[in-house]
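# Architecture at a glance
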Amino acid sequence: MRVRKPALTAAQRRAAAAAQARRDCQQGRHSTTPTFRPGEQVCLTCGVVIYCPGCLQANGLRFPQVAHAYTLECPTHQQRGVVPL
Ligand SMILES: [Zn+2]
Ligand SMILES: [Zn+2]
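Anyway, here's the lowdown on the structure attached to this text. Computed from a prediction, not measured in an experiment: that's the story for all the values here.

Let us now look at helix H1 (residues 10-26). With 17 residues, H1 extends 24 Å from end C-alpha to end C-alpha; this agrees with the ideal 24 Å at 1.5 Å per step. Here H1 lies mainly on the outside; zero of its 17 residues are buried. Taken from the residues just after H1, Gly28 is the one with a positive phi, measuring 85°.

Encoded structure:
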């Protein structure tokens, strides 16, 4: 015998999705989207900025001046290694 579960409302589904997204962020799986600056991404869920210092430097851009920013070298700059400033 199958028990039919009550359908979630749209608000409940949104809340569940938001909770899952926050858990993903805590585990380092951010839902990043590229910004208009090459080598820089922003997480739409928690707002953290993730950038490749090599890409920003190569384009003459300043590093993001935000509270929550992390560096993550893109494949190109990972292979070359990070040049110390
Ligand atoms: Zn995030
Ligand atoms: Zn890069």
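Attention shifts here to the sheet that holds strand E1 (residues 32-34). Strand order in the open sheet formed by four strands is E1-E2-E3-E4, and the pairing between neighbours is mixed. Each edge of the sheet is formed by a strand with only one pairing partner; in this case those strands are E1 and strand E4 (69-71). Across this sheet, the average inter-strand angle for adjacent strands is 30°, counted without regard to direction.

Let's shift gears to the environment of Leu56. By secondary structure assignment, the location of Leu56 is in helix H2 (residues 53-58). Expressed as a C-alpha distance, the spacing of Leu56 and Ala18, which sit 38 residues apart in the sequence, is 31 Å. Once you skip the residues sitting within four places of it in the chain, Leu56 turns out to touch Arg37, Gly39, Glu40, Tyr51, Leu61 and Phe63.

Pairing analysis gives three bridges linking E1 to strand E2 (residues 40-43), with the strands arranged antiparallel. What sits directly across from Thr33, in E2, is Val42. As paired strands, E2 and strand E3 (residues 49-51) are joined by three bridges and run antiparallel to one another. The partner of Glu40 across the bridge, within E3, is Tyr51. A loop of five residues connects E2 with E3, the two strands running antiparallel in sequence, and Gly47 in this loop sits at a positive phi of about 80°.

Definitions and limits used
- Residues numbered from 1 in each chain as written.
- Chains lettered and ligands numbered in written order.
- Predicted model: local features only at pLDDT ≥ 70, side-chain atom pairs only at ≥ 80, totals over all residues.
- Helix = DSSP H or I, 4+ residues; strand = E, 2+ residues; numbered from the N terminus.
- Expected span 1.5 Å × (residues − 1).
- Buried ≥ 20, exposed ≤ 12 C-beta atoms within 10 Å, placed from the backbone.
- Pairing = 2+ DSSP bridges.
- Axes fitted to C-alpha atoms, helices over the stretch in contact; angles between N-to-C directions.
- Contact = placed C-beta atoms within 7 Å.

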